[in-house]
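# Remarks on the overall topology
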Amino acid sequence: MDSEERSKAMEAAYKLLETPRAHLRVKFEQTDEAVLLLYRDDVLTGVSLDSSGINAASAMAVALGVDVPPSGDAVEVLASTGLLYRVLAISDLDFDNPASFDLANHLVNEAIDMQRSARSAGSGSRAMELSDLESGLEFGPYVIDFSQSESQAYLDATGDDDTPDGFGEHVHPLHLDAFVLSRLIEEIGIVENRIETVHAGQQMTVHKQVWPGDLIVANATLKSCSNRRGSIWAVFETAFTGENGDRVAVSSSTIIMMP
Amino acid sequence: MVTQDRVTAYAHASGDHNPIHLDEEFAASTRFGQRIAHGMLSLAFVWEMMSINYPSTWHKGGTVKTRFTSPVVPGEEVVVGGSVKRLRTMDGNEFVECDVAVTRPNGEKALTGSATVPLE
């Protein structure tokens, strides 16, 4: 990929990145001639396989948190727009100029910090006590990316795959909600601490259909939390958005925990 | 028919491994005295009913508001039903509002609520 091609691709890429997003699924690919970064088959940037380009590709890989794929291969990465800005900037550096190494190092370190904070925000690994629950607490973001088989397993379990509009082709909206609920009850420690819990109510509004392979991001908020005669009533509101930031669904779940 | 196999399959598919649905010993110690099905499984039955009746609009603007009022116990056959409550107009768009319910064999409602769906 020559510099003119890269400039053209990056012009479109920076336009894509104008809207801040927590998760974009990009592809990092090595062809016979270049290492490319793609979004939905559009090249965002690329570097040639000369000495400068190879240095750039290595730095891009570190920034993305992956290895450079072998020739003819590709790897998918979830990255925020902020992280992708850094990767694009690295790809535009001329590594024949020694000063570029310092700049690349700075950009890579920023990208690594972003990877870390994204992981800690989405890991759901923190142990939580019920006493930690308070209104306004945020959970997620949870990245949902159901495969065809995962989607089908849900449909098989509910028996809801023979409806006239062909659920078999798209993800059951309640599957999204169920996924978030399962993460919430894990984070709260319901499963680990074996806390008697019942699901008391559920609301959901669906705005768009979702297909297997679509990337959905869910953000949940503990809207209210109250203690009633020793039981904890918690209402979680969840917003589901698509890769383009479009609203897919919203839901509200009421659960009662009896510690 | 809600069987324990179905509840277990639902737990695996949804990731909701709350022991009240799966662990016989734990469930015996709860107020229910036995394992119960996921409320979301009952809601899925309502969802199916609405998508059968409103196939073109249910998935593009449908809303459910439900309460899980009584647990479904594995081995029970439930009846899923609904009725049109009223038609209403909101922001120039017409909606059908339905009462929905899932009823257990003993007549208790496992789920009650409403479902609102836009008309084409």
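Everything discussed here concerns the structure shown above.
Check the secondary structure of chain A and you find six helices and nine strands. With respect to the principal axes defined by its C-alpha atoms, chain A has extents near 70 × 45 × 30 Å. Looking at chain A residue by residue over its 259 residues, the buried ones come to 49%. Pairs at least 24 apart in sequence give 65% of the contacts found in chain A among residues at least 6 apart.

The next subject is the packing of helix H5 (residues 148-158) of chain A against helix H6 (residues 173-188) of chain A. Residue and element names in this part refer to chain A. In contact at an axis separation of 10 Å, H5 and H6 are set at 95° when each is read in the N-to-C sense. Accordingly, the angle class assigned to the pair H5 and H6 is roughly perpendicular. Contacts between H5 and H6 involve Glu150, Ser151 and Tyr154 from the first element and Leu174, His175 and Ala178 from the second. Class assignment of the residues belonging to the contact of H5 with H6 gives a composition of three nonpolar, two polar and one charged.

Here the focus is the pairing of strand S4 (residues 109-118) of chain B. Residues and elements named next belong to chain B. When you tally the buried positions in S4, you get seven out of ten residues, the bulk of the element. Alignment of strand S1 (residues 63-68) against S4, held across six bridges, turns out to be antiparallel. Looking across to S4, one finds that Arg67 is bridged to Thr112. By the bridge criterion, nine bridges tie strand S3 (residues 93-103) to S4 in an arrangement that is antiparallel. Residue pairing across strands places Val102 opposite Leu111, the latter belonging to S4. Here S3 folds back onto S4, and the loop between the two strands holds five residues, one of which, Gly107, carries a positive phi near 90°.

Let us now look at the packing of helix H2 (residues 51-64) of chain A against helix H3 (residues 81-91) of chain A. Residue and element names in this part refer to chain A. At a minimum axis distance of 9 Å, the contact between H2 and H3 shows a crossing angle of 170°. The orientation of H2 with respect to H3, classified from their angle, is roughly antiparallel. On H3, the residues touching Ala56, Ala59, Met60, Ala63 and Leu64 of H2 are Leu83, Leu84, Val87, Ile90 and Ser91. Here the contact of H2 with H3 is composed, by residue class, of nine nonpolar, one polar and no charged.

Among the secondary structure elements, Gln148 of chain A is positioned in helix H5. For the pair formed by Gln148 of chain A and Lys223 of chain A, sequence separation is 75 residues and the distance between their alpha carbons is 33 Å.

Residue and element names in this part refer to chain A. This structure, assessed with the given rule, holds ten salt bridges over all chains. Measuring nitrogen to oxygen at the nearest pair gives 2.9 Å for the salt bridge that ties Glu110 to Arg86. You can see Glu110 sitting in helix H4 (residues 99-122) and its partner Arg86 sitting in helix H3, a full 24 residues away along the chain. Owing to a relative accessible area of 22%, Arg86 belongs among the partly exposed residues under this scheme. When the shortest N-O distance is used, the salt bridge between Asp246 and Lys208 registers 2.5 Å. One end of the pair, Asp246, is in the loop between strand S8 (231-241) and strand S9 (247-258); the other, Lys208, is in the loop between strand S6 (196-206) and strand S7 (216-228), with 38 residues separating them in the sequence.

Every contact between the two is made by 42 residues of chain A and, on the other side, 38 residues of chain B. Taken over both partners, the interface formed by chain A and chain B buries close to 3,100 Å², and the fraction arising from carbon and sulfur atoms is 60%. For chain A, the biggest contributors to the area lost against chain B are Ala157, Arg194 and Glu196 of chain A; these three give 17% of the whole. The interface formed by chain A and chain B holds two salt bridges in total. The partner of Glu196 of chain A in a salt bridge is Arg31 of chain B, with the nearest N and O atoms 3.4 Å apart.

Conventions we followed
- Residues numbered from 1 in each chain as written.
- Chains lettered and ligands numbered in written order.
- Predicted model: local features only at pLDDT ≥ 70, side-chain atom pairs only at ≥ 80, totals over all residues.
- Heavy atoms only, no water.
- Helix = DSSP H or I, 4+ residues; strand = E, 2+ residues; numbered from the N terminus.
- Buried < 20%, exposed > 50% of the residue type's maximum accessible area, 1.4 Å probe, protein only.
- Contact = heavy atoms within 4.5 Å.
- Axes fitted to C-alpha atoms, helices over the stretch in contact; angles between N-to-C directions.
- Parallel < 35°, antiparallel > 145°, perpendicular 65-115°, else oblique.
- Nonpolar A, V, L, I, M, F, W, Y, C, P; charged D, E, K, R; others polar.
- Pairing = 2+ DSSP bridges.
- Salt bridge = Lys/Arg side-chain N within 4 Å of Asp/Glu carboxyl O.
- Buried area = accessible area lost by both parts, 1.4 Å probe.

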